[in-house]
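Structural overview
Each chain, letter by letter, is given below.
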Amino acid sequence: MAKVSMVQRDLKRKKIAEKYAQKREKYKSIIGNPNFSEEEQIEAQLALQKLPRNASPCRQRNRCRLSGRPHGYYRKFGLARNKLRETAMRGDIPGLVKSSW
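Since this is a predicted model, take the numbers as computed values, not measurements.

1. Describing the packing of helix α2 (residues 21–32) against helix α3 (residues 38–50)
Where α2 meets α3, the axes come as close as 8 Å, and the angle between the chain directions of the two elements is 150 degrees. Relative to α3, the crossing made by α2 is left-handed. Contact with α2, carried on its side by Arg24, Tyr27, Lys28, Ile30 and Ile31, involves Glu40, Gln41, Ala44, Gln45, Ala47 and Leu48 of α3 and no other residues of that element. Here the residues of the contact of α2 with α3 are counted per class, giving six nonpolar, two polar and three charged.

Right under this line is the structure:
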């Protein structure tokens with residue numbers, strides 16, 4: 001089980017990223033659009049830099065939904081490798097079968 005503080009930190013980052021998503025998208029579209037003047041692009045760049053650091057979605061960490069483990073994470077299932085194995089053995093994941101050959 002991961003530290004509760006780390007899991008809570010990631011949840012906080014997710015909320016902040018959702019809160020500022022529209023502003024970030026607006027500023028990034030201005031910065032990348034050649035139709036805007038250089039002054040407008042620089043202003044948008046400065047405004048983007050003034051947003052909180054945690055507003056960037058790349059600061060979020062993929063974590064297991066059950067244990068909070070950050071490593072060995074499978075995106076398709078949202079679980080870490082050890083919890084994925086446990087749930088698969090119990091038969092909780094439909095269509096997932098242990099391989100045998």
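2. Some points on a negative patch on the surface
A grouping of Glu38, Glu39, Glu40 and Glu43 is seen on the molecular surface, where their side chains present a negatively charged patch. Mapped onto the secondary structure, Glu39 falls in helix α3. Given the relative accessible area of 53%, Glu39 is considered exposed.

3. With respect to the nonpolar core
Formed by Ile16, Tyr20, Tyr27, Ile30, Ala44, Leu48, Leu51 and Ala55, the largest nonpolar core amounts to eight residues. Counting only elements with at least two residues in this core, the list comes to α2 and α3. Residues within four places of Leu51 in sequence aside, it is in contact with Tyr20, Lys23, Arg24 and Tyr27. Judged by nonpolar contacts, the second largest core, of five residues, contains Cys64, Leu79, Ala80 and Leu84.

4. Looking at α2
Its 12 residues place the ends of α2 16 Å apart at the C-alpha level, agreeing with the 16 Å of an ideal helix rising 1.5 Å per residue. Of the residues making up α2, those classed as buried are Arg24, Tyr27 and Ile30. For α2, the angular spread of buried residues about the axis comes to 130 degrees, placing them on one side. Facing away from the buried side of α2, by more than 90 degrees, are the exposed residues Gln22, Glu25 and Gly32.

Here is what the cut-offs are and how they apply
- Residues numbered from 1 in each chain as written.
- Predicted model: local features only at pLDDT ≥ 70, side-chain atom pairs only at ≥ 80, totals over all residues.
- Heavy atoms only, no water.
- Axes fitted to C-alpha atoms, helices over the stretch in contact; angles between N-to-C directions.
- Helix = DSSP H or I, 4+ residues; strand = E, 2+ residues; numbered from the N terminus.
- Left-handed = near helix turned anticlockwise from the far one by under 90°.
- Contact = heavy atoms within 4.5 Å.
- Nonpolar A, V, L, I, M, F, W, Y, C, P; charged D, E, K, R; others polar.
- Patch = residues over 30% accessible without salt bridge, like charges linked within 9 Å, V, L, I, M, F, W, Y side chains within 5 Å.
- Areas by Shrake-Rupley, 256 points an atom, 1.4 Å probe, with all protein chains shown as cover.
- Salt bridge = Lys/Arg side-chain N within 4 Å of Asp/Glu carboxyl O.
- Lys, Arg positive; Asp, Glu negative; His and termini not counted.
- Charge placed at Lys NZ, Arg CZ, Asp CG, Glu CD.
- Buried < 20%, exposed > 50% of the residue type's maximum accessible area, 1.4 Å probe, protein only.
- Core = buried A, V, L, I, M, F, W, Y, C linked by side-chain atoms within 4.5 Å.
- Expected span 1.5 Å × (residues − 1).
- Arc of directions from axis to C-beta.

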